[in-house]
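# Observations on chain architecture
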Amino acid sequence: MCGSPPFFFIESDLFSLTPLLPYPKSYGRLLKETRKEAEEKKVIDLAPMDFKPDQYARVLLGTPNWWGGLSTPVRSFIRQYDFGSKEIALFATHGGSGIKSVEEETISLLPLTSHFLGTLSIFDDGEGRLEKRCQEWLEKLEKEKDKYKKNTDNRIYGGSNINAAAL
Ligand SMILES: Cc1cc2nc3c(=O)[nH]c(=O)nc-3n(C[C@H](O)[C@H](O)[C@H](O)COP(=O)(O)O)c2cc1C
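Attention in this report is confined to the structure presented alongside it.

Cut-offs applied
Residues numbered from 1 in each chain as written. Predicted model: local features only at pLDDT ≥ 70, side-chain atom pairs only at ≥ 80, totals over all residues. Heavy atoms only, no water. Buried < 20%, exposed > 50% of the residue type's maximum accessible area, 1.4 Å probe, protein only. Helix = DSSP H or I, 4+ residues; strand = E, 2+ residues; numbered from the N terminus. Arc of directions from axis to C-beta. Contact = heavy atoms within 4.5 Å. Core = buried A, V, L, I, M, F, W, Y, C linked by side-chain atoms within 4.5 Å. Pairing = 2+ DSSP bridges. Right-handed = clockwise from strand over helix to strand, strands pointing away. Phe/Tyr/Trp six-rings, centres within 6.5 Å; stacked < 30°, edge-to-face > 60°.

### Quick look at helix α3 (residues 100-109)
- Among the residues of α3, Val102, Glu105 and Thr106 are the ones counted as buried. End-on, the buried residues of α3 take up no more than an arc of 100 degrees, which puts them together on one face. Set apart from the buried face of α3 by more than 90 degrees, the exposed residues are Lys100 and Ser108.
- On its buried face, α3 sits against β2 (58-64), α2 (72-80), β3 (87-93) and β4 (115-122).

Below is the structure:
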């Protein structure tokens, strides 16, 4: 994800989160519904997918900022699975208000036994720096790959797929 050769990239399985019940097509209704969800920190049902957490040592979570927090599908994904002892990194897009509160909500939902690696804030200011920042972030994550290895379950690291990305 994030670029292709000659740029730096990582190999990962990619999972797209789909709400079981689609959101309204009308933007006004969508805003109303998602605002209520955000206020209630609601969890929704996601369409079934073949994500098996035991196969991954590291999960990169991607979300837009929705009403100052996680998007409802990503909140639901985090609540649905056990991320204990995994490395978790977050990349979050926003429309101008930043991602601090998105990061805070994510950390609050993760088990204490997980290892939070940090957040990439994504906002395209039109000055062409976004791809470079994205690549540098991925490179940094790769360099830190074994940082927590001795503290984690070897069975998880034994798999061939150690990265999963969810958006
Ligand atoms: C329901 C909804 C709520 C949003 N709330 C915020 C917000 O509180 N703060 C913010 O900076 N952007 C907010 N946005 C903007 C999204 O974060 C922004 O569109 C997204 O991160 C950019 O990704 P995109 O290009 O896929 O839309 C909201 C967008 C939607 C659809």
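On we go from here.
### Observations regarding the nonpolar core
- Counting 22 residues, the largest nonpolar core has Phe51, Val59, Leu61, Phe77, Ile78 and Phe83 as the members making the most contacts within it.
- Elements represented by at least two residues in this core include exactly β2, α2 and β3.
- Core analysis: the second largest hydrophobic core is formed by 11 residues, Ala89, Ile122, Cys134 and Leu141 among them.

### Re the pairing of β4
- For β4, a buried count of six out of eight residues is recorded, marking the element as mostly surrounded by other parts of the structure.
- By the bridge criterion, seven bridges tie β3 to β4 in an arrangement that is parallel. Residue Ala89 lies in a different strand from β4, and its bridge partner there is Gly118.
- Note on the crossover from β3 through α3 to β4: the handedness is right-handed.

### Here we look at the packing of aromatic side chains
- Using the criterion set out here, one finds 10 aromatic pairs in the structure.
- Measuring from centroid to centroid gives 4.9 Å for Phe51 and Tyr81, while their planes differ by 85 degrees, and the two rings are edge-to-face. A residue pair is termed long-range when its members are at least 10 positions apart, and Phe51 in the loop between α1 (27-40) and β2 and Tyr81 in the loop between α2 and β3 qualify at 30 residues.
- Residue class for Phe51 comes out buried when judged on its relative accessible area of 5%.
- Ring pairs connect the aromatic residues Phe15, Phe51, Tyr56, Phe77, Tyr81 and Phe83, which therefore count as one cluster.

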